[in-house]
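Letter by letter, the chains look like this.
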Amino acid sequence: MSAANTKDDEPGPQRNLAAMAVAFEGGLGLVALALGWLLGVWPIPGIERSGILWESQFPALLWGLAATGPMLLGFWLIDRFPWGPLADLQRDVERLVVPLFRECSIVELALLSLAAGIGEEMLFRGLFQHGLAEWLGPPWGVWIALGAASVVFGLAHMLSLTYAILATAIGMYLGLLLVWTENLLAPAVAHSLYDFVALCYLVRGEGSSRV
């Protein structure tokens, strides 16, 4: 095998970054499990520790699939009709985010989206929101925890102020989905599917042609 072929077979920096991103996002789920064990909080509400009754998960799965639609509609509207700070946000995403994942395959984008959906939802909604709501107690604990977890979720996505505000709104939306279904599977499915479609559009679809 020639040196040139060996070099071509080696993963590029974007591929290495994608692998690191998958490991990091998936690691958030492990962090949630570890902190949950220390704090006495089960970070996967709706799914019992003793096992998964698959037939009981179908309603949450369907809610998660349905809840993806409004988020994708919002993404499309922002992409088609950027104005003011949204135009700056669009340029920041195209400049900073898209190049990082340009070389990723569809499978790699799917793995990244799945890891983000599971890991982030376990940490922010399952551990933080659910745990804080249980600690504060009803009736106000649910809503205080929802607001606090959403703000922290937004701050964790501080690409820009506009991005953080939108992430806070998405965090509120996913948090309400958890409150409604009492099952983390619903926001995890919505989060994962939204990320996957948005990344495919930005990196592989029409959005990539503007970069």
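Described below are features of the structure shown in this document.

Definitions and cut-offs
Residues numbered from 1 in each chain as written. Predicted model: local features only at pLDDT ≥ 70, side-chain atom pairs only at ≥ 80, totals over all residues. Heavy atoms only, no water. Core = buried A, V, L, I, M, F, W, Y, C linked by side-chain atoms within 4.5 Å. Buried < 20%, exposed > 50% of the residue type's maximum accessible area, 1.4 Å probe, protein only. Helix = DSSP H or I, 4+ residues; strand = E, 2+ residues; numbered from the N terminus. Contact = heavy atoms within 4.5 Å. Phe/Tyr/Trp six-rings, centres within 6.5 Å; stacked < 30°, edge-to-face > 60°. Axes fitted to C-alpha atoms, helices over the stretch in contact; angles between N-to-C directions. Parallel < 35°, antiparallel > 145°, perpendicular 65-115°, else oblique. Left-handed = near helix turned anticlockwise from the far one by under 90°. Nonpolar A, V, L, I, M, F, W, Y, C, P; charged D, E, K, R; others polar. Salt bridge = Lys/Arg side-chain N within 4 Å of Asp/Glu carboxyl O. Lys, Arg positive; Asp, Glu negative; His and termini not counted.

**Comments concerning the nonpolar core**
Here is step 1: Core analysis: the largest hydrophobic core is formed by 16 residues, its most contacted members being Met71, Phe75, Val93, Leu177, Ala190, Tyr194 and Leu202.
Here is step 2: Sorting the residues of this core by element identifies helix H3 (58–80), helix H4 (85–97), helix H7 (161–181) and helix H8 (185–204) as the ones contributing at least two each.
Here is step 3: Top element by residues in this core is H8. It accounts for six residues.
Here is step 4: Apart from residues no more than four positions distant in its own chain, Val93 is found in contact with Val98, Leu159, Tyr163 and Leu202.
Here is step 5: By size, the runner-up hydrophobic cluster in this structure holds 13 residues, among which are Ala32, Phe153, Leu178 and Leu184.

**A look at the packing of aromatic side chains**
Here is step 1: By the definition in use, this model includes five aromatic pairs.
Here is step 2: An angle of 75° between the planes, with centres 5.8 Å apart, marks the rings of Trp63 and Trp180 as edge-to-face. Of this pair, Trp63 sits in helix H3 while Trp180 sits in helix H7, and the two are 117 residues apart along the sequence.
Here is step 3: Accessibility expressed as a relative area gives 42% for Trp63, which makes it partly exposed.
Here is step 4: Measuring from ring centre to ring centre gives 5.2 Å for Phe124 and Phe153, while their planes differ by 80°; the resulting arrangement is edge-to-face. Separated by 29 residues along the polypeptide, Phe124 in helix H5 (residues 106–136) and Phe153 in helix H6 (residues 140–155) bring together distant segments of the chain. Phe153 carries the same exposure label as Phe124, and that label is buried.

**Quick notes on the packing of H3 against H7**
The description of two helices packed together rests on the angle between their axes and the distance between the axes.
Here is step 1: Put simply, H3 and H7 touch, their axes get as near as 11 Å, and they point 165° apart. Judged on the interaxial angle alone, H7 and H3 are roughly antiparallel. Seen along the crossing, H3 lies across H7 with a hand that is right-handed. On H7, the residues touching Trp63, Ala67, Pro70, Met71 and Ile78 of H3 are Leu166, Ile170, Tyr173, Leu174, Leu177, Trp180 and Thr181.
Here is step 2: Its residues assigned to classes, the contact of H3 with H7 comprises 11 nonpolar, one polar and no charged.

**Digging into the pattern of salt bridges**
Here is step 1: The final tally for this structure, using the stated rule, is three salt bridges.
Here is step 2: With its nearest N and O atoms 3.2 Å apart, the salt bridge here joins Asp92 to Arg95. Of this pair, Asp92 and Arg95 both sit in helix H4, separated by three residues, roughly a single helical turn.
Here is step 3: Take Asp92: its relative accessible area is 18%, and that puts it in the buried class.
Here is step 4: Taking relative accessible area as the criterion, Arg95 reaches 54% and is therefore assigned exposed.
Here is step 5: Here Glu121 makes a salt bridge to Arg125, at a shortest N to O gap of 2.7 Å. Placement of both Glu121 and Arg125 in helix H5 is noted, with a separation of four residues, approximately one turn of the helix. Arg125 shares its class with Glu121; the two are buried.

**Quick look at unusual backbone geometry**
For residues other than glycine, phi is negative in most cases, and the peptide bonds are mostly trans.
Here is step 1: For the bond running from Pro138 to Pro139, omega is 0°, close enough to zero to count as cis.
Here is step 2: When you line up the elements, Pro139 lands in the loop between H5 and H6.
Here is step 3: Within the chain, Glu182 stands out as a residue other than glycine whose phi angle is a positive 55°.
Here is step 4: With respect to the helices and strands, Glu182 occurs in the loop between H7 and H8.
Here is step 5: Taking relative accessible area as the criterion, Glu182 reaches 60% and is therefore assigned exposed.

**Some points on the side chain of Asp195**
Here is step 1: Counting through the fold element by element, Asp195 comes out in helix H8.
Here is step 2: Salt bridges are absent for the buried Asp195, whose nearest opposite-charge side chain, Arg125, sits at 9.2 Å.
Here is step 3: Sequence-distant contacts of Asp195, that is, excluding residues within four places in its chain, are made with Ser113 and Ala116.

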